[in-house]
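The residues making up each chain are set out below.
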Amino acid sequence: MNFVLIGFCSCGKSSAAYELAKRLKMKFVDMDKEIEVRYYLRYGEELHYRNIILKEGPELFFQIEHKILSELVWFTDCIVATGGGCPLREENRKILSQLGKIIYI
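Note that the structure is predicted; figures quoted are calculated from it, not measured.

J.: Would you mind going over the nonpolar core with me for this structure?
T.: Side chains that are nonpolar tend, in soluble globular proteins, to be buried together. If you look at the biggest cluster of nonpolar residues, it comprises 21 residues, and the most contacted ones within it are Met 31, Leu 69, Leu 72, Val 80 and Leu 99. Counting residues per element, the ones that place at least two in this core are strand 1 (3-6), helix 2 (31-43), helix 3 (49-56), helix 4 (58-72), strand 3 (78-81) and helix 5 (90-99). Broken down by element, this core gets its largest block of residues, six residues, from helix 4. Residues Leu 5, Ala 17, Ile 79 and Ala 81 belong to the second largest nonpolar core, which totals six residues.

Here it is in structure tokens:
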């Protein structure tokens, strides 16, 4: 089973997810950090996720986010910290409901 933390931007999802994963001895996935890694691997530039949005526009950010979500359906025993806007897109909500228990922070 997975647990998925959702909530407003900067409300503490990543910190809470990290602590929960540590205590439950589960894997931790921070989607914003994963987006930064994917961006770096594709474009060779290290950018904070907010700067990716500013530089490339939100659509590229949302495409990467959706791809990561699609891959996470194959993971088990994870605590996932989503980005603040992740649940706003209908296509993401469908995947989120498949990932596991959703916890609103």
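J.: Explain the pattern of salt bridges here, please?
T.: Pairing between side chains becomes possible if they bear opposite charge and their charged atoms approach one another. Per the stated rule, a full pass over the model turns up nine salt bridges. Between Lys 22 and Glu 19 there is a salt bridge, and its shortest N-O distance comes to 3.5 Å. Residue Lys 22 and its partner Glu 19 are located together in helix 1 (residues 13-24), separated by three residues, close to a single helical turn. For Lys 22, a relative accessible area of 47% corresponds to the partly exposed category.

J.: Please clarify how the packing of aromatic side chains should be interpreted in this entry.
T.: Summed over all chains, the structure comprises five aromatic pairs. A ring pair is formed by Tyr 39 and Tyr 43, whose centres lie 4.7 Å apart and whose planes are at 35 degrees; its orientation type is tilted. With Tyr 39 and Tyr 43 both in helix 2 and four residues apart, the pair spans about one turn of that helix. Judged by its relative accessible area of 1%, Tyr 39 falls in the buried class. When the centroid spacing of 6.4 Å and the interplanar angle of 35 degrees are considered together, the rings of Tyr 49 and Phe 61 count as tilted. One end of the pair, Tyr 49, is in helix 3; the other, Phe 61, is in helix 4, with 12 residues separating them in the sequence. Residue class for Phe 61 comes out buried when judged on its relative accessible area of 5%.

Basis of the calculations
Residues numbered from 1 in each chain as written. Predicted model: local features only at pLDDT ≥ 70, side-chain atom pairs only at ≥ 80, totals over all residues. Heavy atoms only, no water. Core = buried A, V, L, I, M, F, W, Y, C linked by side-chain atoms within 4.5 Å. Buried < 20%, exposed > 50% of the residue type's maximum accessible area, 1.4 Å probe, protein only. Helix = DSSP H or I, 4+ residues; strand = E, 2+ residues; numbered from the N terminus. Salt bridge = Lys/Arg side-chain N within 4 Å of Asp/Glu carboxyl O. Phe/Tyr/Trp six-rings, centres within 6.5 Å; stacked < 30°, edge-to-face > 60°.

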